[in-house]
Amino acid sequence: IGMSHVREIVLVSSLGQFANDKAMGQLPSAYWQHSVAVAVCAQELALHITAPIASDLALIAGLLHDVGQLWLYRFYPAEFVQARALSLEKNIGIDVAEREVFGLDHTVIGAWLAEYWGLPRGIAAAIRYHHQPDTALDDLIVPVVSVAEVLSNALDLTGRDGNMVANMSAAACEKLGIDWSQDLGPLFGRIEARTEYACRVFR
């Protein structure tokens, strides 16, 4: 079936095993499903646009875009829950709430982790700037992951509670050459079908 498909299957199933790790406590499955949804969106966007970007890297970056939240939850669970509650209470982004509680947010920690693991620089950049893509548009994987996250929330792919749709960066869309006036029904259909299938491992 091809090495790229094997790699995708291994990544998703490995993430599913990690989700069931008792050391991680009871992190809601919505987190894992959101990561998968963004990964699928990122890969499908990479395949849809004409700009050159490796779809497998987009998938990995999407899966790991919130990995900093795992670190926060693993080592500071009470404070992490506090930040999530603050985000819902004040209707602010989780990154803003995390900065109020921790002094920094999951994007910074996630980028540090990616660099420590020796992942490609583009993946680290996508993790670091997915909430602020306009500051790092030169690496195409950054706007891909940013647009993918907003799109996954807008399509409500996982139906998670407190789903917040952030403003989509016009500069990121322009950089990727995305024309929202086109008929994107087939793209959205593929994203929804693949997300539903991939998220079964977390249910």
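For clarity, every value in this text was computed on a predicted model and none was experimentally measured. (Residues numbered from 1 in each chain as written. Predicted model: local features only at pLDDT ≥ 70, side-chain atom pairs only at ≥ 80, totals over all residues. Heavy atoms only, no water.)

Engineer: I would appreciate a short explanation of the overall build of the protein chain in the present structure.
Structural biologist: A count of helices and strands for the protein chain gives eleven helices and zero strands. Helices and strands in the protein chain line up, N terminus first, as α-α-α-α-α-α-α-α-α-α-α. A total of 203 residues make up the protein chain; the buried ones form 47% of that total. Put simply, 63% of the contacts in the protein chain that link residues at least 6 apart link residues at least 24 apart. Element-wise, carbon and sulfur atoms account for 54% of the exposed surface of the protein chain, whose accessible area totals about 10,300 Å². (Helix = DSSP H or I, 4+ residues; strand = E, 2+ residues; numbered from the N terminus. Buried < 20%, exposed > 50% of the residue type's maximum accessible area, 1.4 Å probe, protein only. Contact = heavy atoms within 4.5 Å. Areas by Shrake-Rupley, 256 points an atom, 1.4 Å probe, with all protein chains shown as cover.)

Engineer: Explain the side chain of Glu98 here, please?
Structural biologist: Tracing the chain through its elements places Glu98 in helix α6 (residues 94–102). Although Glu98 lies buried, it forms no salt bridge, and the closest oppositely charged side chain, Arg99, sits 6.9 Å away as judged by the N-O distance. Here the side chain of Glu98 touches His106 through a polar contact of 2.7 Å, side chain to side chain. The residues touching Glu98, leaving out its near neighbours within four places in the chain, are Gln69, Leu72, Phe80, Ala83, Gly103, Leu104, Asp105 and His106. (Lys, Arg positive; Asp, Glu negative; His and termini not counted. Salt bridge = Lys/Arg side-chain N within 4 Å of Asp/Glu carboxyl O. Polar contact = N/O pair within 3.5 Å; in protein donor to acceptor, adjacent residues only side chain to side chain.)

Engineer: What exactly am I supposed to notice about helix α7 (residues 106–116) here?
Structural biologist: Because each turn of an α-helix spans 3.6 residues, side chains separated by three or four positions end up pointing in the same direction. Here α7 lies mainly inside the structure; eight of its eleven residues are buried. Residues His106, Thr107, Val108, Ile109, Gly110, Ala111, Leu113 and Ala114 constitute the buried set of α7. Elements in contact with the buried residues of α7: α4 (67–75), α6 and α8 (121–129). Of the residues trailing α7, Gly118 is marked for its positive phi of about 75°.

Engineer: Is there a simple way to explain α6 in this structure?
Structural biologist: The complete set of buried residues in α6 reads Ile94, Asp95, Ala97 and Glu98. On an axial view of α6, the arc spanned by its buried residues comes to 160°, and they lie on one face. Looking at the buried side of α6, the elements it contacts are α4, α5 (77–90) and α7. Within two residues after α6, Gly103 carries a phi angle of roughly 90°, on the positive side. (Arc of directions from axis to C-beta.)

Engineer: I would appreciate a short explanation of the pattern of salt bridges in the present structure.
Structural biologist: Note that side chains of opposite charge can pair when their charged atoms are close. This model, assessed by the stated rule, comprises five salt bridges. With its nearest N and O atoms 3.3 Å apart, the salt bridge here joins Lys90 to Glu100. Taken together, the residues Lys90 in helix α5 and Glu100 in helix α6 connect sequence positions ten residues apart. Assessed through its relative accessible area of 44%, Lys90 is described here as partly exposed. Here Arg99 makes a salt bridge to Asp95, at a shortest N to O gap of 3.7 Å. One end of the pair, Arg99, and the other, Asp95, are both in helix α6, four residues apart, so they sit about a helical turn from each other. The exposure class of Asp95 is buried, given its relative accessible area of 10%. Each of the salt bridges in this network shares a partner with another, and the network as a whole consists of Glu44, Arg190 and Arg194.

Engineer: I tried to follow the packing of aromatic side chains on my own but got confused; where do I start?
Structural biologist: One pair of aromatic rings is described through two measures. These are the centre distance and the angle between the planes. Evaluated as defined, the whole model comprises four aromatic pairs. Geometrically, the ring pair formed by Tyr76 and Phe102 is edge-to-face, given 6.2 Å between the ring centres and 65° between the ring planes. Here Tyr76, found in the loop between α4 and α5, pairs with Phe102, found in helix α6; they are 26 residues apart in sequence, far enough to count as distant. Taken together, the ring pairs connect Trp71, Phe75, Tyr76 and Phe102 into an aromatic cluster. The ring of Phe75 is capped by Arg74, whose NZ or CZ atom sits 5.6 Å from the centre of that ring. (Phe/Tyr/Trp six-rings, centres within 6.5 Å; stacked < 30°, edge-to-face > 60°. Lys NZ or Arg CZ within 6 Å of the ring centre and 35° of its normal.)

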